[in-house]
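# What the coordinates show
Chain residues, written in single-letter form:
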Amino acid sequence: MTTLSPDTAIDHHLDTQGLICPEPVMMLHKTIRKADAGDIIEILATDPATTRDIPNFCRHLGHTLVHQETLDTTPTYRYLVKKKSA
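Everything in this summary refers to the structure shown in the same document. Along each chain, the written sequence defines residue order, and numbers are assigned to residues from 1. At least 70 in pLDDT is required for a residue's local features to be given in this predicted model, at least 80 for side-chain atom pairs to be given and counted, and no such filter applies to totals for whole chains, interfaces and linings, which use all residues. Heavy atoms throughout the structure, all of them, feed into the side-chain values; hydrogens and water do not.

Okay, the environment of Ile 20 next. For helices the rule is a DSSP run of H or I covering at least 4 residues; for strands it is a run of E covering at least 2, with both sets numbered from the N terminus onward. The topology assignment puts Ile 20 in the loop between β1 (12–15) and α1 (23–34). In sequence terms Ile 20 and Thr 46 are 26 residues apart; their C-alpha atoms lie 8.0 Å from each other.

Another aspect to go through is the pattern of salt bridges. Definition used for salt bridges: Asp or Glu carboxyl oxygen within 4 Å of a side-chain nitrogen of Lys or Arg. Counted under the stated rule, the structure contains three salt bridges. With its nearest N and O atoms 2.7 Å apart, the salt bridge here joins Glu 42 to Arg 78. Of this pair, Glu 42 sits in strand β2 (residues 40–45) while Arg 78 sits in strand β4 (residues 76–82), and the two are 36 residues apart along the sequence. Of the charged contacts in the structure, one is a salt bridge between Arg 52 and Asp 53, with a shortest N-O distance of 3.0 Å. Under the scheme applied here, a residue whose accessible area is under 20% of the maximum for its type counts as buried, over 50% as exposed, and between as partly exposed, the area being computed with a 1.4 Å probe on protein chains only. When its relative accessible area of 49% is taken as the criterion, Arg 52 is described as partly exposed.

So this is what it looks like as structure tokens:
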């Protein structure tokens, strides 16, 4: 995981709150396919399984998990994923 800088631009927002496995990862996969190389995708999720699934998704497909955090609400999990270069 790389360090998040205050000027990190988010290119795509993906709200998967209330959805359960496998929907958040399937939606991320669909968004990644439409994104350009180097785009940053923000994912908001409430399914605790995403804490395992999204890092594994990035590791297996070569994308970069730029940032991962747990917000105090619900809880909500927030991820920033950078699409790999072509």
